Amino acid sequence: MKTDRKPELLSTAPSFLWLVMFVLVPVAIIFAIAFRPALAAGGIGEGWSLDAIRALADPSYPALFARTIFTAAATTVLSIAISLPVAYSMARLTPVWRSRVLLLVIVPFWTNFVIRVFAWQQILHAQGYVAEAMRSIGLLGENERLLGNLTAVIIVSVYTYLPFAILPLFAAAEKFDFGLLDAARDLGAKPLRAFFSVFIPGIRQGAITAFLVVFIPMLGSYVVPDMVGGTTTQMIGNKIAQRNFTDRNLPEAAALSGALALLVLAPMFLRRKEKTA
């Protein structure tokens with residue numbers, strides 16, 4: 001039995017060490033810093049303190065966490081809703097056209113993330129062509145802006161994370177047996193009914209992966225809300241950045257980061273508990 005398990009342990013050792021060194025150890029350090037005092041001049045003091053943990057009771061934080069979850073959930077749902085028909089269409093293409101369309105999906109990764117967000121900042125600018133066109137047809141008032149609101153944050157976030165949703169859905173759709181859709185239509189199902197009842201359940205694992213790779217990074221997003229949002233669209237990532245870079249209150253930044261990590265891990269622990277029950 002030991003000789004049978006040795007190759008398995010050796011093959012999983014590199015990924016396990018990577019997980020320990022670059023995930024578990026940094027998370028443990030963050031939680032440790034959260035229980036240290038903050039220096040008045042910035043930095044981490046000696047000894048231990050619960051001040052950063054008590055700071056989480058700030059009345060503004062529940063609304064901040066709620067906004068973060070709502071923005072991340074809205075971005076994820078919209079990204080998956082747009083990606084599903086895209087992944088379906090890509091999987092039905094011929095191999096030549098499939099590779100071309102896949103290249104178009106990947107092309108945005110060739111441009112720096114901040115540059116792409118900055119481009120959207122110019123597109124949605126108050127004196128930009130989009131805003132002027134909307135004002136000319138009466139869709140936007142003279143004093144109304146496309147930037148500085150939650151809608152702008154969600155639109156730019158969907159654009160940013162859309163490839164992350166398309167790729168896992170396409171990988172699952174590519175392996176899907178489209179003959180099942182023909183069978184469903186032969187049995188009387190309309191095309192839309194077959195899409196939702198047969199295709200989507202058939203790529204469920206791809207949909208779960210798309211949800212995770214969009215929702216979890218979106219929870220910590222701070223560049224998009226900072227560049228195209230305003231004071232009323234701040235997310236928890238913006239508050240962590242403020243505590244870290246502006247206030248130099250590293251323990252409170254670590255406490256917020258730890259709270260965000262627990263928010264991400266809680267559903268996984270609950271699901272594991274349900275399976276073992």
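About the criteria used
- Residues numbered from 1 in each chain as written.
- Predicted model: local features only at pLDDT ≥ 70, side-chain atom pairs only at ≥ 80, totals over all residues.
- Heavy atoms only, no water.
- Helix = DSSP H or I, 4+ residues; strand = E, 2+ residues; numbered from the N terminus.
- Buried < 20%, exposed > 50% of the residue type's maximum accessible area, 1.4 Å probe, protein only.
- Contact = heavy atoms within 4.5 Å.
- Areas by Shrake-Rupley, 256 points an atom, 1.4 Å probe, with all protein chains shown as cover.
- Patch = residues over 30% accessible without salt bridge, like charges linked within 9 Å, V, L, I, M, F, W, Y side chains within 5 Å.
- Salt bridge = Lys/Arg side-chain N within 4 Å of Asp/Glu carboxyl O.
- Axes fitted to C-alpha atoms, helices over the stretch in contact; angles between N-to-C directions.
- Parallel < 35°, antiparallel > 145°, perpendicular 65-115°, else oblique.
- Left-handed = near helix turned anticlockwise from the far one by under 90°.
- Nonpolar A, V, L, I, M, F, W, Y, C, P; charged D, E, K, R; others polar.
- 1 Å grid on protein atoms, 1.4 Å probe; cavity = no way out; pocket = protein on both sides within 12 Å on 5 of 7 lines; lining within 4 Å.
- Points joined across faces, edges and corners; volume = space filled by probe spheres on them.
- Core = buried A, V, L, I, M, F, W, Y, C linked by side-chain atoms within 4.5 Å.
- UniProt positions renumbered as here; feature names shortened; annotations may be inferred.
- pLDDT = per-residue confidence, 0-100.

> Sorry, what's going on with the overall build of the protein chain here?
Of the regular secondary structure elements, the protein chain holds 13 helices and zero strands. Ordered by position in the sequence, the α and β elements of the protein chain form the string α-α-α-α-α-α-α-α-α-α-α-α-α. Counting only residues that meet the buried cut, the protein chain has 34% of its 277 residues in that class. For the protein chain, the share of sequence-separated contacts (at least 6 apart) that also reach a separation of at least 24 residues comes to 67%. As displayed, the protein chain has an accessible area near 17,100 Å², and 68% of this comes from carbon and sulfur atoms.

> So what exactly am I meant to see when it comes to a nonpolar patch on the surface here?
A surface patch of nonpolar side chains, amounting to about 1,100 Å² of accessible area, comprises F16, L17, W18, L19, M21, F22, V23, L24, V25, V27 and I29. Counting through the fold element by element, F16 comes out in helix α1 (residues 2-34).

> Help me out: how do you make sense of the packing of helix α3 (residues 60-92) against helix α7 (residues 150-174) in this one?
Each pair of packed helices can be described by the angle between their axes along with the distance between the axes. Here α3 crosses α7 at 40°, and the two axes come no closer than 6 Å. As the angle between them shows, α3 and α7 are arranged oblique. As for the relative orientation of α3 and α7, their crossing is right-handed in sense. The class makeup of the residues in the contact of α3 with α7 is 20 nonpolar, five polar and one charged.

> Looking at this model, I keep getting lost on the layout of surface pockets. Mind explaining?
Gaps between atoms show up when a probe of the same size as a water molecule is rolled over them. Approximately 160 Å³ is the volume found for the second largest pocket. For the second largest pocket, the full set of lining residues is Y222, P225, D226, G229, G230, Q234, N238, A241, Q242, F245 and T246. In terms of residues, the lining of the second largest pocket owes the most to one element, helix α12 (residues 236-246), which gives five residues. Looking at the lining of the second largest pocket, its residues break down into four nonpolar, six polar and one charged.

> How should I be thinking about the pattern of salt bridges in this particular structure?
Opposite charge on two side chains permits pairing when their charged atoms draw close. Under the criterion given, the structure shown has six salt bridges. Across the salt bridge formed by R54 and D51, the nearest N and O atoms sit 3.1 Å from each other. Of the two residues, R54 and D51 both sit in helix α2 (residues 51-54), three residues apart, roughly one turn of that helix. R135 is the salt-bridge partner of E132, the closest N and O atoms lying 3.6 Å from each other. Of this pair, E132 and R135 are both found in helix α6 (residues 129-136), three residues apart, which corresponds to roughly one turn of the helix.

> Could you clarify how one ought to interpret the nonpolar core in this entry?
As a rule of thumb, soluble globular proteins bury nonpolar side chains together. L169, F199, I203 and I236 are the most contacted members of the largest nonpolar core, which has 38 residues in total. With nine residues, α3 is the single largest residue contributor to this core. Beyond its immediate stretch of four places on either side in the chain, I236 contacts L64, F65, T68, L219, L256 and L260. Counting 13 residues, the second-largest nonpolar core is a separate cluster that includes A131, V223, M227 and V228.

> What is the right way to read the UniProt feature "transmembrane region" (unreviewed entry) in the protein chain from this model?
If you check UniProt for "transmembrane region" (unreviewed entry), the listed places come out as residues 64-89, 101-119, 150-173, 194-219 and 253-270 in our numbering. The distance separating the terminal C-alpha atoms of residues 64-89 is 38 Å; by composition the span is 100% helix and 0% strand. Its end C-alpha atoms 23 Å apart, residues 101-119 is made of 68% helix and 0% strand.

> I'm lost on the confidence of the model for the protein chain in this one. Help?
Scored by pLDDT, the protein chain comes out at a mean of 89, with 95% of its residues at no less than 70. Here helix α13 (residues 250-276) is the element of the protein chain with the lowest mean pLDDT, 78, and α7 is the one with the highest, 95.

> Quick question: what am I supposed to make of the environment of I30 here?
Here I30 shows up in helix α1. With a relative accessible area of 31%, I30 lands in the partly exposed category. Put simply, I30 and L256 are 226 residues apart on the chain and 9.6 Å apart in space, counted from C-alpha to C-alpha. Discounting residues that sit within four places of it in the chain, I30 has contacts with A254, S257 and G258.

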